[in-house]
Amino acid sequence: MGKKKQNDGSLGRSLIRDRFGSRHKNHNSSMLHTSELNDGYDWGRLNLQSVTEESSFQEFLSTAELAGTEFQAEKLNIKFVNPAVGIGLLSVDEKKKVEKKHSDLKNMLKIPRRPKWDSNMTPEELQTNEKTEFLEWRRRLATLQETEDLLLTPYEKNLDFWRQLWRVVERSDVVAQILDARNPLLFQCEDLERYVKEVDPRKLNLLILNKADFLTRAQRRAWARHFDNCQTRVAFFSATLAAEDTIPEQPESESEDEFDEPVNENDSEYETADEEEIIGEDESSVYEGKNSSKLLGRDELIAMFKQLLPQDAPRVMEHVTTIGLVGYPNVGKSSTINSILQNKKVSVSATPGKTKHFQTLYVDAELMLCDCPGLVMPSFVTTKAEMVLSGILPVDQMKDHVPPVNMLCSLIPRHVLEGHYSLMIPKPLEGEDEDRPPSAEELLNAYGYSRGFMTQNGQPDNPRSARYVLKDFLNGRLLYCQAPPGTDQLKYHTFAAAKKKHIAPLTQAAHRAIRVNKVSGEDLDKAFFKQASLGAHTKGISKVGNSSGSSVSGSTMSLASAEDKPWKNHKEKRNKREKLRRVYRHLDV
């Protein structure tokens, strides 16, 4: 029989032949010249394959080959961008363009007006006029969104809610908008202030910045200056502290004007270079002048309400000052009313839109509150994630949790999240920006693993973790405050520096674990001569010395003490095996 032909049909060799051709062909078909083809008799050696589409890399290589260019690939300073970090967020340039468009079209955001009416008009005619005006208002906003490609808050589209607002404005002497002190401009409706003056020029506007206990003294001063420039009255209040009656004592002098001061509730009146004359005077003079940055208590806020209008000023109800309270859902309007009345007169809920009808509540014989249902006014926003983080959209009803958590990670630094939740977020990969914020997946995976929020498939339950994290942001446990216009955000709100972790000294087992496993001749000599001599190795009965110094035979060897038997030292054997987490503890640190 002849020699069996060797089978050379392996998959690897087939791929190589398909890629580079058979072994005996050492020429490069792409670098042939026509002089080598025997005047065209050997055209088959040419690679006559039509190429109409190439990738960018293939196009670069073919162009370099045609030009005869030699190049060398080098590893440059390249940073890889993780696409999971900025899902649902705008870039810096896009955000600037959107904000500029918001400022240019700010005057076009209006609330619906109540059409003019008189006593001769029938109810049917009045309702028809209101519906017509409301329909035109909705069409104008829809046209603004379509033509300018802008994102608005999901404003109230129920006419009955706006009817409640119209009646509150007409029945009130002072219309107070309750805002969230962490981002007041998002909740402020400037067109509502203009509408109040249109109804009656003698009516007053007031801004109440609730949750002002989240702000430092310098931050409140910055907002007081901003609203001074806008000629708008403002009051800083905390419904939570007022309900608990824990408003701290506040001194009347202050000299510092830095934003990076620690949170200190012993705050005072803010002053500028031309406000020295009001320092040291009573509280009533402060209300008549510029805005005060003082955190007001319940009694101080009630006194401010009574002093807003002069005694001889006309009122809707004679000798009674009516304060109309208006605000977005979930800004603490109902909590503010309950803290003022010191009783639960209004139901409170974390879900926006709990109050459905306006109601009048007497504080005393001279002051009455008129509570309006929570209304979402039309306002410009950049993304839907901003509305979730602001509490405009309820967290429990969100459909996509990734953009809000990505925005939260871009606002709160990595070390603050790790310290607050006592977890470790994965570091950026090699080649990525070391200072980039963590992605939503990285944060929620770490949170789910640490809290045990797992799905049936053994994966972390990220939607459930997202609800907990976002509610911590809304409740102020993860605090972020927006700076007023013209103020540097980095100086306005600062975070504590990352604390250096305490590194415990390495144990003997840790030293052995990280030591290089390389034994030299010198190490062998030391280990050999370090062994204790156990005596001669003889066959038969071994002698062990007792305490008296004499030797005993095997029959009496069991009577020797444990100190004479080093091989029975169980305490040392017990410590030989240490837990792996102790041995490799230095790697975790």
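Right, let's walk through the structure included here.

Rules used in this analysis
- Residues numbered from 1 in each chain as written.
- Predicted model: local features only at pLDDT ≥ 70, side-chain atom pairs only at ≥ 80, totals over all residues.
- Heavy atoms only, no water.
- Helix = DSSP H or I, 4+ residues; strand = E, 2+ residues; numbered from the N terminus.
- Contact = heavy atoms within 4.5 Å.
- Pairing = 2+ DSSP bridges.
- Buried < 20%, exposed > 50% of the residue type's maximum accessible area, 1.4 Å probe, protein only.
- Phe/Tyr/Trp six-rings, centres within 6.5 Å; stacked < 30°, edge-to-face > 60°.
- Lys NZ or Arg CZ within 6 Å of the ring centre and 35° of its normal.
- 1 Å grid on protein atoms, 1.4 Å probe; cavity = no way out; pocket = protein on both sides within 12 Å on 5 of 7 lines; lining within 4 Å.
- Points joined across faces, edges and corners; volume = space filled by probe spheres on them.
- Patch = residues over 30% accessible without salt bridge, like charges linked within 9 Å, V, L, I, M, F, W, Y side chains within 5 Å.
- Areas by Shrake-Rupley, 256 points an atom, 1.4 Å probe, with all protein chains shown as cover.
- Salt bridge = Lys/Arg side-chain N within 4 Å of Asp/Glu carboxyl O.

The number of helices and strands found in the chain is 23 helices and 11 strands. When contacts within the chain are restricted to residue pairs at least 6 apart in sequence, long-range pairs at least 24 apart make up 68% of them.

On any regular strand, side chains alternate: one points to one face of the sheet, the next to the other face. Note that strand β7 (residues 359-364) and strand β8 (residues 367-371) share 5 bridges and pair antiparallel. Looking across to β8, one finds that Thr360 is bridged to Cys370. Here β7 folds back onto β8 in antiparallel fashion, the turn holding 2 residues.

By the criterion of burial, β8 is predominantly enclosed, with 5 of the 5 residues buried. Burial along β8 is two-sided: Leu367, Leu369 and Asp371 facing one way and Met368 and Cys370 facing the other are all buried. When strand β6 (residues 321-327) meets β8, the two strands line up parallel, connected through 5 bridges. The residue bridging Gly324 from the neighbouring strand is Cys370, located in β8.

On to the packing of aromatic side chains. Inspection of the entire model under this criterion finds 8 aromatic pairs. Ring centres 5.3 Å apart and planes at 70° place the aromatic pair Trp137 and Tyr155 in the edge-to-face group. Residue Trp137 is located in helix α4 (residues 123-148), and its partner Tyr155 is located in the loop between β1 (151-152) and α5 (159-171); the two are separated by 18 residues in the primary sequence. Residue class for Tyr155 comes out buried when judged on its relative accessible area of 7%. Aromatic pair Tyr447 and Phe453: ring centres 6.0 Å apart, planes at 55°, arrangement tilted. Look at Phe453 and you get buried, because its relative accessible area is 11%. Members of the aromatic cluster, each reached through a chain of ring pairs, are Phe134, Trp137, Tyr155 and Trp162. Across from the ring centre of Phe453, 3.9 Å away, lies the NZ or CZ of Arg464, which sits over that ring.

What follows is about empty space enclosed by the protein. Tallied over the entire structure, the rule returns 2 cavities of 30 Å³ or more. By volume, the second largest cavity is sized at about 40 Å³. Around the second largest cavity, the lining residues are Gln177, Ile178, Leu179, Phe187, Cys189, Val326, Gly327, Tyr328, Leu375 and Met377. At the level of secondary structure, the elements contributing two or more residues to the lining of the second largest cavity comprise β2 (174-180) and β6. The element that contributes the greatest number of residues to the lining of the second largest cavity is β2, accounting for 3 residues.

What follows deals with unusual backbone geometry. Backbone geometry places Lys211, a non-glycine residue, at a positive phi of 60°. Summarising the element assignment, Lys211 is placed in the loop between β3 (204-210) and α8 (217-229). Relative accessible area serves as the criterion here: at 19%, Lys211 is assigned to the buried category. One non-glycine residue with positive phi stands out, namely Gln231, at about 55°.

So, about a nonpolar patch on the surface. A cluster of nonpolar side chains, contributed by Phe57, Phe60 and Leu61, occupies part of the molecular surface with about 310 Å² of accessible area. By secondary structure assignment, the location of Leu61 is in helix α2 (residues 56-67).

Looking now at the pattern of salt bridges. Here the structure, examined in full by the defined rule, presents 20 salt bridges. The shortest N-O distance in the salt bridge between Glu136 and Arg139 comes to 3.5 Å. Separated by 3 residues within a single helix, Glu136 and Arg139 lie in helix α4, roughly one turn from each other. With a relative accessible area of 35%, Glu136 lands in the partly exposed category. Residue classification places Arg139 among the partly exposed positions, given a relative accessible area of 48%. Close ionic contact of Lys306 with Asp364 constitutes a salt bridge, the shortest N to O distance being 2.6 Å. Of this pair, Lys306 sits in helix α11 (residues 298-307) while Asp364 is found in strand β7, placing the two residues 58 residues apart along the sequence. Judged by its relative accessible area of 26%, Lys306 falls in the partly exposed class. Residues joined by salt bridges that share partners form a network here, namely Arg114, Glu130, Asp160, Arg163 and Glu170.

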